[in-house]
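Descriptive structure summary
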Amino acid sequence: MSDEQFKKVLSHAKEYGFVFPSSEIYDGLSAVYDYGPNGVELKNNIRNYWYKAMTQLHQNIVGLDAAIFMHPTTWKASGHVDAFNDPLIDNKDSKKRYRADVLIEDYVEKIENKVQKEIKKARKRFGDAFDEAQFVATHPRVVKYRAQQKEILQRMAKSLENGDLADVKALIEELGIADPVSGSKNWTDVKQFNLMFGTKLGASADSAMDLYLRPETAQGIFVNFLNVQKTMRMKIPFGIAQTGKAFRNEIVARQFIFRMREFEQMEMQFFVRPGTQKEWFDKWKEERLKWHKSLGFGDDYYRFHDHEKLAHYADAATDIEFKFPFGFKELEGIHSRTDFDLSQHEKHSGKKLQYFDPELNERYTPYVIETSIGLDRMFLAVFSASLQDETLPDGSTRTVMKIPAILAPTKVAVLPLLKKDGLPEIAKQIIDDLKWDFKVQYDEKDAIGRRYRRQDAVGTPYCVTVDHQTKEDNTVTLRERDSMAQIRIPIAELRQHIADKFNLQNWLGKTL
Ligand code: GAP
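Just so you know, the residues in each chain are numbered from 1, in the order the chain's sequence is written. Given that the model is predicted, a residue must reach a pLDDT of at least 70 before its local features are reported, and side-chain atom pairs must reach 80 or more before they are shown or counted; all residues, however, enter totals for whole chains, interfaces and linings. The side-chain quantities take in all heavy atoms of the structure and omit both hydrogens and water.

Here we come to the overall build of the chain. The helix and strand inventory of the chain stands at 18 helices and 23 strands. Dimensions of the chain, computed from C-alpha atoms along their principal axes, come out at roughly 80 × 65 × 55 Å. Accessible area is worked out with a 1.4 Å probe on protein chains only. A residue is then buried under 20% of its type maximum, exposed over 50%, and partly exposed in between. Considering the chain as a whole, with its 512 residues, one finds that 49% of them fall into the buried category. Excluding contacts between residues fewer than 6 apart, the proportion of contacts in the chain whose partners are at least 24 apart in sequence is 65%. Note on areas: these come from Shrake-Rupley sampling with a 1.4 Å probe, and a residue is covered only by the protein chains present in the view. With the model as given, the accessible surface of the chain reaches about 25500 Å², and the carbon-plus-sulfur share is 50%. All tallies of charge rest on Lys and Arg as positive and Asp and Glu as negative; His and the ends of each chain are not included. Lys charges are placed at NZ, Arg charges at CZ, Asp charges at CG and Glu charges at CD. Taken as two groups, the 76 positive and 76 negative side-chain charges of the chain have centres that lie 2 Å from each other. Secondary structure is summarised from DSSP: a helix means a run of H or I of at least four residues, a strand means a run of E of at least two, and numbering begins at the N terminus for each. Only heavy atoms enter the contact rule, under which two residues are in contact if any of them lie within 4.5 Å.

On to the sheet that holds strand E16 (residues 367-374). One requirement defines pairing of two strands: DSSP has to find at least two bridges between them. Strands sit in the order E3-E9-E10-E16-E13-E12-E11 across an open sheet of 7 strands; the sheet is mixed. Among the strands making up the open sheet, the edge pair consists of strand E3 (61-63) and strand E11 (302-306). On average, each strand axis in the sheet is inclined to that of its neighbour by 25°, with strand direction left out of account. As paired strands, strand E9 (residues 238-247) and strand E10 (residues 262-272) are joined by 10 bridges and run antiparallel to one another. All axes here are fitted lines through C-alpha atoms, helices being fitted over the stretch that makes contact, and every angle between N-to-C directions spans 0 to 180 degrees.

Take the site of the ligand next. We call a residue near a molecule or strand when any one of its heavy atoms sits within 4 Å of it. Looking at the ligand, there are 21 residues lining it, with Glu 216, Arg 248, Met 260, Glu 267 and Glu 330 nearest. Between the ligand and Gln 265 there is a distance of 3.0 Å, counted from an oxygen atom to a side-chain nitrogen or oxygen. Throughout this description, a polar contact denotes any pair of N or O atoms lying within 3.5 Å of each other; where both atoms belong to protein, one of them has to be capable of donating a hydrogen while the other can accept it, and for residues adjacent in sequence the pair is counted only when both atoms sit in side chains. A distance of 2.5 Å is found between an oxygen atom of the ligand and a side-chain nitrogen or oxygen belonging to Glu 330. Protein contact buries 91% of the 560 Å² of open area that the ligand shows by itself. Tallying contributions element by element places strand E13 (residues 327-336) first for the shell around the ligand, with 5 residues.

With that settled, consider a positive patch on the surface. Taken together, the side chains of Lys 114, Lys 117, Lys 120, Lys 124 and Lys 144 define a basic patch exposed on the protein surface. In terms of residues, the positive patch owes the most to one element, helix H5 (residues 100-126), which gives 4 residues. Position of Lys 124 relative to the elements: it lies in helix H5. The exposed category is assigned to Lys 124, whose relative accessible area is 77%. Two distance rules govern patches: like charges are joined within 9 Å, and nonpolar side chains (Val, Leu, Ile, Met, Phe, Trp, Tyr) within 5 Å, applied only to residues with over 30% relative accessible area and no salt bridge. We count a salt bridge whenever a side-chain nitrogen from Lys or Arg sits within 4 Å of a carboxyl oxygen from Asp or Glu.

Turning our eyes to something else, we now look at the environment of Leu 165. Following the sequence through the fold, Leu 165 ends up in helix H8 (residues 165-174). Considered as a pair, Leu 165 and Arg 155 are 10 residues apart in the sequence and their alpha carbons are 12 Å apart. Contacts of Leu 165, omitting those with residues within four sequence positions, involve Pro 87, Leu 160, Val 190, Lys 191 and Gln 192.

Moving on to the pattern of salt bridges. Summed over the entire model, instances satisfying the criterion amount to 46 salt bridges. Between Arg 99 and Asp 101 there is a salt bridge, with the nearest N and O atoms lying 2.9 Å from each other. Residue Asp 341 is joined to Arg 337 by a salt bridge in which the shortest nitrogen-to-oxygen separation is 2.9 Å. Judged by relative accessible area, Arg 337 falls into the buried class, the value being 3%.

The next subject is the side chain of Ser 22. Here Ser 22 lies in the loop between strand E1 (19-21) and strand E2 (33-35). Using a relative accessible area of 9% as the deciding quantity, one classes Ser 22 as buried. A polar atom in the side chain of Ser 22 sits 3.1 Å from the side chain of Ser 23. Sequence-distant contacts of Ser 22, defined by excluding residues within four places in its chain, comprise Gly 28, Leu 29, Val 32, Tyr 33 and Asp 34.

Structure, rendered in structure tokens:
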């Protein structure tokens with residue numbers, strides 16, 4: 001997908017009531033967005049699809065809804081106060097602020113563009129005989145580019161890990177990286193910047209307590225580990241799943257709802273016996289990929305990116321990357337977090353957070369496998385992969401959102417062919433019948449063709465049209481979004497006919 005297609009995603013999201021810039025009448029607030037009527041339906045459906053897959057389909061995973069505010073020591077224990085930082089650099093001439101690592105990564109991306117150009121040229125030259133892997137491994141210019149990329153990224157990773165911010169600046173200068181806005185190379189030193197939003201709890205300035213808006217939902221699960229385990233009599237291995245808002249003061253907030261300052265996470269912590277974490281990590285990797293693939297976008301939209309450099313608390317980590325309009329990027333993280341978080345909370349709270357394993361007759365601090373996915377990012381994935389322009393056999397075109405039916409904001413649109421002759425009344429009766437099971441919409445404005453296009457554009461899987469024949473034989477036309485096939489069907493059979501398409505088992509039963 002190109003920039004052009006990404007622009008289309010942005011404008012379509014706004015024009016069809018999916019996503020609006022926050023407080024737009026005041027010119028918006030950077031990296032904050034509101035979900036419109038269609039957006040909130042899609043978002044709720046994605047959340048439900050995840051939550052049900054986790055809690056309804058696994059007897060050993062239960063839900064939680066922890067508060068956004070947490071005791072401030074939580075964030076000391078988790079390491080966020082000391083280490084949840086981005087390295088920032090200012091340009092002295094433009095006064096613009098950047099993430100130093102992003103400037104360097106963008107530079108590496110430019111080298112990657114050169115590699116891709118070489119590949120494209122060679123593919124054109126060699127045609128079917130082209131072997132990309134061999135070309136990349138042997139072509140001198142490409143080999144040189146790839147070595148450069150590796151060297152730059154390795155040096156940056158090492159400097160950041162060692163807290164050597166002077167070397168990060170030196171690297172920016174050595175590479176001759178200029179301010180993307182002004183072209184100036186007049187940089188300040190690199191400084192660490194904590195991403196947590198602070199706020200205060202309490203009425204008076206003296207007694208107020210400094211709090212943070214949570215930067216991840218996971219800690220609400222860790223601090224409730226024993227509450228949940230004891231009240232629900234959970235036996236290891238078991239999981240706790242939660243969806244909820246998280247906040248990060250992202251400096252480089254770009255790419256629409258991909259990186260926001262206020263966003264929603266869907267996280268699950270799976271508590272296991274120490275020593276079994278590798279097995280469970282592999283299982284959750286596989287299971288989460290299956291969940292994604294159940295939506296039917298096709299295998300080539302996904303890939304794993306295993307982390308080589310691990311956070312100090314992790315013994316394995318991978319990202320599920322999705323083919324967004326701007327390339328493959330992280331959609332979900334799966335982390336083997338050892339016993340780091342529970343041990344840290346135990347240390348800082350002075351309370352034991354251990355589990356007595358009746359089978360082993362032993363007490364231990366469980367290890368944790370975490371699956372963590374951004375709901376907004378998943379929304380963008382579904383939205384961008386669904387949005388398609390199609391040329392039809394008669395040469396006309398349509399814009400259609402091929403949203404997986406189970407996630408579609410509206411399931412059925414009911415359309416009287418004309419606004420008279422009793423057709424609207426019949427349409428409304430059908431709505432009254434279907435609305436108990438499906439999100440339905442009534443539309444009587446404009447010619448029927450235009451109404452179909454409108455529903456295609458918001459991804460409604462079915463349109464039901466009421467016409468004069470309906471009055472005679474109680475049948476309606478049922479039009480399917482993707483094939484545009486139309487069948488005649490008795491009203492009495494409508495619900496049964498479409499129900500399969502929205503049945504959770506038909507979506508997840510094949511894969512989970
Ligand atoms: N508890 C682990 C954790 O929070 P993370 O990789 O920082 O890990 C997990 O975030 C997921 O949350 C990401 O894969 C992404 O989908 C989503 N996410 C993170 N930061 C985000 C942001 N600023 N805007 C939107 N989604 C974000």
